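Working through the structure, step by step
Residues per chain, in single letters:
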Amino acid sequence: MIKIAKLLSKSPQQLKQTYLLNHKPQFQYGQVDRFLDRLQMPLYFYLIGINVGVYALWHFPAVDKNFMFKHFTLHPGSMSLRELHTFITYSFSHQNTLHLLFNMVTFYFFGRTIEAYFGSKRLLAIYMAGALVGGLMQQRQAGISLGASAACNALLTYYICNFPREIILLFFIPVPAWIVGLLILYQGWSGQGDGSGIGHDAHLGGCLAGLAFYFATRGKI
């Protein structure tokens, strides 16, 4: 816990420099790695910026809302209509301010830790995997879906698996990370089909993606 707190006390620029100094690329160093290494700030800054930018588009009067619904939301016909890009773009899309705020706060605290320890490429891969698996599972439900919740659940689950004894403030109550993990899994599983309008299938899919990523990358940098 002290090690994480010390690491995250650094500025975003220092975080990026620390990772690049301590994790020299050894295998499969390709174009994605080179692109991410050229970023002036940690990747999580840019991903938050994209989320905020898409939120602004939803509320900008000149932007066609039909365009936004077609390209930045998921619905049961997304796959059959070959709108496959929406399985990623929906995870950067928020209409509700509180929805955006909650997801971005979660992403900020856990995403930056993952990036500092495991690198920008790992952060991006988990975000995308959570969005994709969550989106596929959400196809079982009627209605539209949008938001970064599945991607954030993937990152949160991956964090918990790597740091199960860290303390997380759950509604300002200090709780061991592994207990939070059990709670989000239970919520995703028990909430399916409850008619609340919450994307529990997507949330559960994000958790499963984070769990799968942990076992696939355990012990690897």
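Thresholds, definitions, all that
Residues numbered from 1 in each chain as written. Predicted model: local features only at pLDDT ≥ 70, side-chain atom pairs only at ≥ 80, totals over all residues. Heavy atoms only, no water. Helix = DSSP H or I, 4+ residues; strand = E, 2+ residues; numbered from the N terminus. Buried < 20%, exposed > 50% of the residue type's maximum accessible area, 1.4 Å probe, protein only. Contact = heavy atoms within 4.5 Å. UniProt positions renumbered as here; feature names shortened; annotations may be inferred. Core = buried A, V, L, I, M, F, W, Y, C linked by side-chain atoms within 4.5 Å.

So, on to the overall build of the protein. Within the protein one finds 11 helices and 2 strands. Traced from its N-terminal end to its C-terminal end, the protein shows the element sequence α-α-α-α-α-α-α-α-α-β-β-α-α. Every one of the 221 residues in the protein was classed for burial, and the buried ones make up 47%. Taking the contacts inside the protein whose residues are at least 6 apart along the sequence as the reference set, 70% of them involve residues at least 24 apart.

Mapped onto this numbering, the UniProt entry annotates "transmembrane region" (unreviewed entry) at residues 43-60, 87-110, 168-186 and 198-216. Summarising residues 43-60: 89% helix, 0% strand, and an end-to-end C-alpha distance of 26 Å.

As a further point, take the nonpolar core. Judged by nonpolar contacts, the single largest core of 42 residues is most densely connected at F107, Y127, I160 and I168. Elements with a contribution of two residues or more to this core: helix 4 (43-58), helix 5 (65-72), helix 7 (97-118), helix 8 (120-138), helix 9 (149-162), helix 10 (177-190) and helix 11 (200-217). Ranked by residues supplied to this core, first place goes to helix 9 with 8 residues. Among all residues touching F107, those that are not within four sequence positions of it are Y44, L47, I48, R112, L123, Y127, C152 and L155. Counting 6 residues, the second largest nonpolar core, distinct from the first, contains F87, A131, A150 and A202.

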